[in-house]
Amino acid sequence: MNLAILSVLVAVGAVVVLGVEVRIVEPVLYVHVGKSAGGTIRAFLQSLHVKYKKFHLHDGAVPLSELELFRTLIVAMRDPTERVISGYNWNKNHIPRHFNRHSFDPLFQCSPSARDFCNCFLSQNRSGCCRTVREGLRRGAPFGHISVGLETYFADILDSLKAGKWPGQILAVNAEHLQEDLTRLANIVGENSPTALPCIRCDYQTKTINQPTEAGRAALRRHLELETNEYDIYNFIENHSVL
């Protein structure tokens, strides 16, 4: 990092976690992984007046040259299986204007519900509709949040992070324990956490109709573990988060 960039970095608060001082250095690089409570996290960062640059959906992979400009990386996290199912529900009920709605037609014709979607991973059939569903989890597939997971954002920086070449700190904010993580984040910044978190974009249809069976969820998880890098990246970030 050159001195011109270094001179604009600002430390904001600090706490000690397991004997290690955790300090947010602004500006922050914020990776907003879709369907991981990222809108709530973004609103929370804004309420704390934390300056950040966001990567989300159409921004694609974070370049290594971009990562090197920052010393704090905040990642919106969620169990990959639950994130994909949530992505299905979101896309099924609320396709934003910047998506080509017709690109989703093959997926929704093959799997009209989240249960049907997961049941394709129970089947040994890898052709026809089940092929469409399976390939929908590939990086670069045209199915919005279903296709754009951790692997998309971290493709160009994961090796550097794993090798310990980046000197910054990772703060993973996990939707599975959101209130707890945001309370810690607020403590680092030196602010109190609100008792009620905002619910961002909760105005779409019920997510309880025709939801996956436990067997379908387990089959989707196995596919993500064996056929993608989603859990590998998820576990790495969780294990290296200082939050």
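Look up a bit, the structure's there.
Rules behind the numbers
Residues numbered from 1 in each chain as written. Predicted model: local features only at pLDDT ≥ 70, side-chain atom pairs only at ≥ 80, totals over all residues. Heavy atoms only, no water. Buried < 20%, exposed > 50% of the residue type's maximum accessible area, 1.4 Å probe, protein only. Helix = DSSP H or I, 4+ residues; strand = E, 2+ residues; numbered from the N terminus. Contact = heavy atoms within 4.5 Å. Pairing = 2+ DSSP bridges. Axes fitted to C-alpha atoms, helices over the stretch in contact; angles between N-to-C directions. Salt bridge = Lys/Arg side-chain N within 4 Å of Asp/Glu carboxyl O. Parallel < 35°, antiparallel > 145°, perpendicular 65-115°, else oblique. Left-handed = near helix turned anticlockwise from the far one by under 90°.

Enquirer: Looking at this structure, I do not really get helix H12 (residues 230–240). What am I missing?
Expert: Side chains of residues three or four places apart in an α-helix project in the same direction, reflecting 3.6 residues per turn. If you check which residues of H12 are buried, you get Glu230, Tyr231, Ile233, Tyr234, Phe236 and Ile237. Tucked inside the fold, the buried residues of H12 contact strand E5 (72–77), helix H4 (80–93), helix H8 (150–154), helix H9 (158–162), strand E6 (169–174) and helix H11 (214–227).

Enquirer: Please explain the sheet that holds strand E4 (residues 52–55) as it appears in this structure.
Expert: In a beta sheet, neighbouring strands pair by backbone hydrogen bonds and run either parallel or antiparallel. With parallel pairing, 4 strands are arranged side by side in an open sheet as E4-E3-E5-E6. In this open sheet, the two strands that pair with only one neighbour each are E4 and E6. Sheet twist, expressed as the average angle between the axes of neighbouring strands with direction ignored, equals 20 degrees. Contacts between helix H10 (residues 178–189) and the sheet are confined to E5 and E6, with E6 contributing the most and set at about 140 degrees to the helix.

Enquirer: Would you take a moment to explain the pattern of salt bridges for this structure?
Expert: Pairs may arise between side chains of opposite charge once their charged atoms sit close together. Applying the stated criterion across every chain yields a total of 8 salt bridges. A salt bridge links Asp181 to Arg184, with the nearest nitrogen and oxygen atoms 3.6 Å apart. With Asp181 and Arg184 both in helix H10 and 3 residues apart, the pair spans about one turn of that helix. Residue Asp181 is classed as buried on the basis of its relative accessible area, which comes to 2%.

Enquirer: Which parts of the structure should I look at to understand the environment of Gly87?
Expert: On the secondary structure map, Gly87 appears in helix H4. With 62 residues separating them in the primary sequence, Gly87 and Gly149 have C-alpha atoms 9.8 Å apart. Residues within four places of Gly87 in sequence aside, it is in contact with Lys35, His145 and Ile146.

Enquirer: Just checking my understanding: could you explain the packing of H4 against H11 for this structure?
Expert: Geometry of a packed helix pair, given as the angle between the helix axes and the separation of the axes. In contact at an axis separation of 9 Å, H4 and H11 are set at 110 degrees when each is read in the N-to-C sense. For the element pair H4 / H11, the angle class is roughly perpendicular. Here H4 runs over H11; the crossing is right-handed. Contacts between H4 and H11 involve Pro80, Thr81, Glu82, Val84 and Ile85 from the first element and Arg217, Leu220, Arg221 and Leu224 from the second.

Enquirer: Where do I start with the pairing of E6 in this structure?
Expert: Summarising burial for E6: 6 of the 6 residues are buried, a large majority. Examined bridge by bridge, E5 and E6 share 6 bridges and lie parallel to one another. Along E6, the bridge assignment pairs Leu73 with Ile170.

Read these as spatial facts, not as claims about activity.
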